[in-house]
Amino acid sequence: MLVKSAGYGTRLQRDVENDTTGKFKHLLGIAKPLLPVGHCALITHWIKAMTASECVDTIFVITNALYFEPFQEWAREFPNVKILSDGTKTNEARLGAVACLQLTIKHFSVEDHVIVVGGDTLFKEDFSLLKFTERFSEAQAKHRGASLVLCYQCKEEETSKYGILEVDEDMRVSCMKEKPQPSETQSRKACPCFYLFSKESLPLLDVFLDEKKNAPIQERDAPGTFLSWLILRRPVYVQEILGRFDVGNLPSYIECDKYFKDRVQDNNVYLQ
């Protein structure tokens, strides 16, 4: 499993700095995955669930040079977690999510299927790692090399915020439209950053990045850019969930933190 944590959380940090209540000053300078959500750090929810479910052997966390030491300190509690820095110190110098994925795969010589999750992402209690991995096995039985992603129903006015999946009757993805207007697609299936890339798809990271080497970073910054490209070349299937938390700004953080304080009391059950 790879937790994508190399972002700089610029929107959230700006919101905290501009907040006049002073209630959230303790969040200044903290990487989004390390933010307290409920009774532990956001990323810890994933680590505990993945470890307990035994669906992954090792968890790789890629961050930047600015937050490398805090992640190292946090990871001391988890022997199955390995931290890697992308070497950047500013948002302007960032490598982009796809390049960070490639860097991690190569650095740790990953040759197996890999789950990729955004470090600012959590799900509601309907999500099950067991059901997700079972669905992946079904997809692999249909097409060797198939990958699996998630989707949930978003509101019509929200399509322009997300990557939207169009799928066939077998729940195979036919295309992914990046932030389309509601009139540009009939689908309302938003795709969160939680992907299970097959081991057969990993070599295509090199091909994708080589094609995009002279393109603006926006074309390789979000992991969804690789997914959109992959869908046209390899089978990608989807599993539906009820919704997700995407901690991008202060209001979304407050909503997520409240949900986990009020609703998720047992981390040994959540996500499994």
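Everything that follows concerns the structure shown earlier in this document.
Cut-offs and rules
Residues numbered from 1 in each chain as written. Predicted model: local features only at pLDDT ≥ 70, side-chain atom pairs only at ≥ 80, totals over all residues. Heavy atoms only, no water. Helix = DSSP H or I, 4+ residues; strand = E, 2+ residues; numbered from the N terminus. Rg over C-alpha atoms; globule rule 2.2 N^0.38 Å. Buried < 20%, exposed > 50% of the residue type's maximum accessible area, 1.4 Å probe, protein only. Polar contact = N/O pair within 3.5 Å; in protein donor to acceptor, adjacent residues only side chain to side chain. Phe/Tyr/Trp six-rings, centres within 6.5 Å; stacked < 30°, edge-to-face > 60°. Axes fitted to C-alpha atoms, helices over the stretch in contact; angles between N-to-C directions. Parallel < 35°, antiparallel > 145°, perpendicular 65-115°, else oblique. Contact = heavy atoms within 4.5 Å. Nonpolar A, V, L, I, M, F, W, Y, C, P; charged D, E, K, R; others polar. Pairing = 2+ DSSP bridges. Right-handed = clockwise from strand over helix to strand, strands pointing away.

**Brief notes about the overall build of the chain**
Move 1: The helix and strand tally for the chain stands at nine helices and 14 strands.
Move 2: On C-alpha atoms alone, the chain measures out to a radius of gyration of 18 Å, which is about the 19 Å that the 2.2 N^0.38 rule sets for 272 residues.
Move 3: Considering only C-alpha atoms, the chain reaches an extent of 50 × 40 × 40 Å along its principal axes.
Move 4: Counting over 272 residues, the chain shows a buried share of 53%.

**Concerning the side chain of His45**
Move 1: Here His45 shows up in helix H2 (residues 42–53).
Move 2: At 2.9 Å, the side chain of His45 and the backbone oxygen of Val37 are in polar contact.

**Thoughts on the packing of aromatic side chains**
Move 1: Applying the stated criterion across every chain yields a total of 20 aromatic pairs.
Move 2: Aromatic side chains Trp46 and Phe194 sit 5.3 Å apart centroid to centroid with 25° between the ring planes, which places their arrangement in the stacked category. Of this pair, Trp46 sits in helix H2 while Phe194 sits in strand S12 (residues 194–197), and the two are 148 residues apart along the sequence. Exposure class is identical for Trp46 and Phe194. Each is buried.
Move 3: Taking 6.1 Å as the distance between ring centres and 50° as the angle between the ring planes, the aromatic pair formed by Phe127 and Phe132 counts as tilted.
Move 4: Using a relative accessible area of 3% as the deciding quantity, one classes Phe127 as buried.
Move 5: An aromatic cluster is defined as three or more aromatic residues linked by ring pairs; in this entry it consists of Trp46, Phe123, Phe127, Phe132 and Phe194.

**Notes on the packing of helix H6 (residues 204–211) against helix H8 (residues 223–231)**
Move 1: Look at H6 against H8: their axes get within 11 Å of each other, and the N-to-C directions meet at 105°. Comparing their axes, H8 and H6 come out roughly perpendicular. Mapping the contact onto sequence places Leu204, Leu205, Val207, Phe208 and Glu211 in H6 and Thr225, Phe226, Trp229 and Leu230 in H8.
Move 2: Here the residues of the contact of H6 with H8 sort into seven nonpolar, one polar and one charged.

**Details of the pairing of strand S4 (residues 59–63)**
In the case of a regular strand, side chains alternate between the two sheet surfaces.
Move 1: Of all five residues in S4, five are buried, a share of seventy percent or more.
Move 2: Side chains Ile59, Val61 and Thr63 of S4 all project onto a buried face; the interleaved residues Phe60 and Ile62 project onto the opposite face, where all are buried too.
Move 3: Where strand S1 (residues 2–4) and S4 come together, three bridges link them in parallel fashion. Bridge pairing links Lys4 to Ile62 in S4.
Move 4: Crossover handedness for the path S4 to helix H3 (residues 68–75) to strand S5 (residues 81–85): right-handed.

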